[in-house]
Amino acid sequence: MPSPTVSVVVPVYNTEKWLEEALDSIERQPARDDIEVVVIDDGSTDGSADIARRYADRATGVRYVRQDNAGLGAARNHGVRLATGRYLAFLDSDDLYPDGALSYLVELADRQQAAVAVGDMQGLPPRPNPAWRRELLVGERVVERIAQAPGLVGNPSACNKVFRRDLVDSTGVRFTENTAFEDVLFTVPLLARSPLTALTPRLSYLYRQRGDNSSLMDTRSQPLRIMQHVAIVEQLADECRDLPSDDRDAVYRWIAYMQLHYAWRAANGCDDEQLDEFAVRMHTLFKDIPVRLATEFVSNAGAGLRAAAIYEQDPATIREPRSALPLRVYAGQAYLGHTDFDAYRDLLLIREITATVHRMRGSGPAIALEGSVRAKGIDGEPGQVRHDLLVEIGDGLARQPVTVLRRTGNDLRWSCTIPVDQLPAGRYDVRVVVRDNDREYAVPPGPQQGGRGTRGTRPTRIGDRVGWLTPGPDGARLIITDTAGAVARSPQWLSQMGARQGRSLWGRAWGTARRTARNRLRPTPPAAAPSSTAPPASPPPAG
C-alpha cells in the first residue's frame, strides 16, 4: 500500500457485539485506498479478536496487533506509534463513521491547509445538544486560535476530528494511560496550539451510549472517577499557562464548567475525607480561574454558593450550599449573603425568589402572619429573627422583621406579628421586603395555585375590629373592617364555607338515600309461627 493519507487507530476490548459494524463503516469511506487501519486488540476475552483477525485478512491496509490489557489510552498510544499516515483519526470499536464522513474531514483539512479538522458528532441514541455544537452549526469556517471558537474545548473527544501527524509529533501529546478521560490531555492541547483549525457542521461521528455501566462515561459519579478528573484538569491547567490570555481563558472556562459539575458529583458521592481532599485540590486549581468565568456556569444562587466554597476551600458548603447570613441588595436585585460578598457577588445572585402568606390569626391589637420565602441556597435557624426580611402592610404603614420557623427544601418558613390597631379600616397590600441597609427589594409574590400561594382566611378579630386575608394577582391583601361591618365577611371565605356546607349536606343526603334504598330492598323476615306445645297448666290451688 502506498503511503496512506490518514491512519485510523481502532482500540478493541470486548466489543464483539459492535466491532464488525464499526469496521464496516471504515470500508464504506469513498477514499478507502488512502486509509490505513491500525487495530489494537487490548487483550479481548470475547470474540472480538477473531472478528478483527478476519477483517485484517480480507481488507487492504489493515494492521492487527494484540497486546496485554492496558486500557484505552495505552491502546491508542500504541496505535499512534504504529501509524504511518499524514493524518491521525480515532474510531472506538463500538462507534461508527457516517458514510463519507472520514474522507470529508481529511479533504477539508487538505483544502484549508489545517492542522486539525473538526466535524459534528451525535449519540446513538441521540442525546441533548451540548453547548460546543454551536461552534460547528454556524457553518464551515477556519479559526486561527482557540479563542475564536472557545466552545470547542468543551468537546475533548478525539473521535470527531483528524489531526495532522506533524502537529502531534511537535507538541509531544499523548493519551493519558491507566485513567478515565484519556482524550483531554491529547485533544485540548492540540486544539489550543493548532495554527489553523477547520470546522464543519457535517455529521462526522456516531458514538454509542450503552447505558449498561460498561462504559467509562457511565461511572463518572464514582469517587475514583471524580479524583481522576481532578488530576486530568490539574495537568491541563499546567500545560496551558503559557497560552495567550484569551486562549488560556477558553481552557479555564471549560475547566470551571466541568469542575463545578464535578463538585456537585463530589458533594453527593464522596465521603468526608474524600471531599476534604477534593476541596483542597479544587481550591488550588481555581486560584488561577477568574470568578467571572465561573459565573457563566452558575444557574442559581445555591450553585454559586458552592462555587464560592471552592474558592474558599470550604468542604461543608460544597456539601450543602446554604447561607443563613442576611440577604443583600445590589443594583435592584437580591443576593445571598456571604462573608466576602464583594469578591463573590456575581455568583450569589438569586435568579428566582418568591414570597407567600399562608395564614393569619388575631393577636390582640395585632395580627400574626405565617408564610414562606423561596430561594435556592437560603437558610435559617428556627427562632432566628431576620432583620433582612420584613413583612410590610400597605405602603410602609407597618413593617416588622420575620422570625424563622423552619426551612423545608428551598422554602424558609417564617412568622411575624404586626400591630395594626392604628390602621383605619380599609384594604392594604401585604408584601415581603428584603432590606440591606438603605437598599430594599420587594419580593415578588409566589404562585397562587398548587397549595403554595397565598390563601384566603376567615374573618379574625383584631382588637375591636375584624380583618382577613384575601389573595390577589400581586400577592396578599389585608382587609380591615369595623366590628359593625363584620357581617361583610371575606367573600372567598364565605364561598368556601358555603361550598363545604353544601358538600356536607349533599353527602348526608346521599348517605340517607342509599341507606333507605338498601332497607327497601332488604327481604322482610317471616313472622314467628305459633308454638304447637301448649304452656303447662297452672298447678291447682292448694287445699
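Right above here is the structure, for reference.
The shown structure was predicted, so the numbers you read here are calculated from the model rather than taken from an experiment.

K.L.:
Break down the nonpolar core for me, citing the residues and quoting the values.
P.N.:
By size, the foremost hydrophobic cluster in this structure holds 153 residues, and its most contacted members are Ile26, Phe90, Ile255 and Leu369. For this core, the leading source of residues is helix α9 (residues 245–269), giving 11 residues. Once residues within four sequence positions are removed from consideration, Ile26 is found in contact with Val8, Val10, Arg32, Ile35, Val37, Tyr55, Leu91 and Tyr97.

K.L.:
An account of the sheet that holds strand β8 (residues 197–208) is requested, with residue identities and associated values reported.
P.N.:
Spatially, eight strands are ordered β3-β2-β1-β4-β7-β5-β8-β6 in an open sheet, and the strand pairing comes out mixed. For this open sheet the edge positions go to β3 (62–66) and β6 (141–143), each flanked by a neighbour on one side alone. Neighbour-to-neighbour, the strand axes of this sheet turn through a mean angle of 30°, independent of strand direction. Bridge count for strand β5 (residues 116–124) against β8 is eight bridges, and the pairing is parallel.

K.L.:
So what's going on with helix α8 (residues 223–239)? Residues and values would help.
P.N.:
Between its terminal C-alpha atoms α8 stretches 25 Å, which fits the 24 Å expected from 17 residues at 1.5 Å a residue. By the burial criterion, the buried members of α8 are Arg225, Ile226, Met227, Gln228, His229, Val230, Ile232, Val233, Leu236 and Ala237.

K.L.:
Got a sec to walk through the pattern of salt bridges? Specific residues and values, please.
P.N.:
Side chains carrying opposite charge are able to pair once their charged atoms draw close together. Under the criterion given, the structure shown has 41 salt bridges. With its nearest N and O atoms 2.9 Å apart, the salt bridge here joins Arg281 to Glu234. Of this pair, Arg281 sits in helix α10 (residues 272–286) while Glu234 sits in helix α8, and the two are 47 residues apart along the sequence. Relative accessible area serves as the criterion here: at 24%, Glu234 is assigned to the partly exposed category.

K.L.:
An account of the packing of aromatic side chains is needed here, citing residue identities and associated values.
P.N.:
Evaluated as defined, the whole model comprises 12 aromatic pairs. Here Phe90 and Phe175 contribute two aromatic rings whose centre-to-centre distance is 5.0 Å and whose plane-to-plane angle is 75°, an arrangement assigned as edge-to-face. Of this pair, Phe90 sits in strand β4 (residues 87–90) while Phe175 sits in the loop between α6 (165–171) and α7 (184–193), and the two are 85 residues apart along the sequence. An identical accessibility class is assigned to Phe90 and Phe175; each is buried. A centroid spacing of 6.3 Å and a plane angle of 75° characterise the contact between Tyr330 and Tyr335, whose relative ring orientation is edge-to-face. Counting every residue linked through ring pairs, the aromatic cluster contains Phe90, Phe163, Phe175 and Phe186. Here the basic side chain of Arg202 rests over the ring of Tyr104, its NZ or CZ set 4.6 Å away from the ring centre. In this structure, Arg345 is placed above the aromatic ring of Tyr330, and the distance from its NZ or CZ to the ring centre is 4.0 Å.

K.L.:
Requested: an account of the packing of α7 against α8, with residues and values cited.
P.N.:
Between α7 and α8, whose axes approach to 10 Å, the crossing angle comes to 25°. Our classification of the angle between α7 and α8 gives roughly parallel. The two elements α7 and α8 meet at a crossing, and its hand is right-handed. Touching Val184, Leu185, Val188, Pro189 and Arg193 of α7 are Ile232, Gln235, Leu236 and Glu239, all from α8. Each residue belonging to the contact of α7 with α8 can be placed in one class, and the counts come to six nonpolar, one polar and two charged.

The rules behind the values
- Residues numbered from 1 in each chain as written.
- Predicted model: local features only at pLDDT ≥ 70, side-chain atom pairs only at ≥ 80, totals over all residues.
- Heavy atoms only, no water.
- Core = buried A, V, L, I, M, F, W, Y, C linked by side-chain atoms within 4.5 Å.
- Buried < 20%, exposed > 50% of the residue type's maximum accessible area, 1.4 Å probe, protein only.
- Helix = DSSP H or I, 4+ residues; strand = E, 2+ residues; numbered from the N terminus.
- Contact = heavy atoms within 4.5 Å.
- Pairing = 2+ DSSP bridges.
- Axes fitted to C-alpha atoms, helices over the stretch in contact; angles between N-to-C directions.
- Expected span 1.5 Å × (residues − 1).
- Salt bridge = Lys/Arg side-chain N within 4 Å of Asp/Glu carboxyl O.
- Phe/Tyr/Trp six-rings, centres within 6.5 Å; stacked < 30°, edge-to-face > 60°.
- Lys NZ or Arg CZ within 6 Å of the ring centre and 35° of its normal.
- Parallel < 35°, antiparallel > 145°, perpendicular 65-115°, else oblique.
- Left-handed = near helix turned anticlockwise from the far one by under 90°.
- Nonpolar A, V, L, I, M, F, W, Y, C, P; charged D, E, K, R; others polar.

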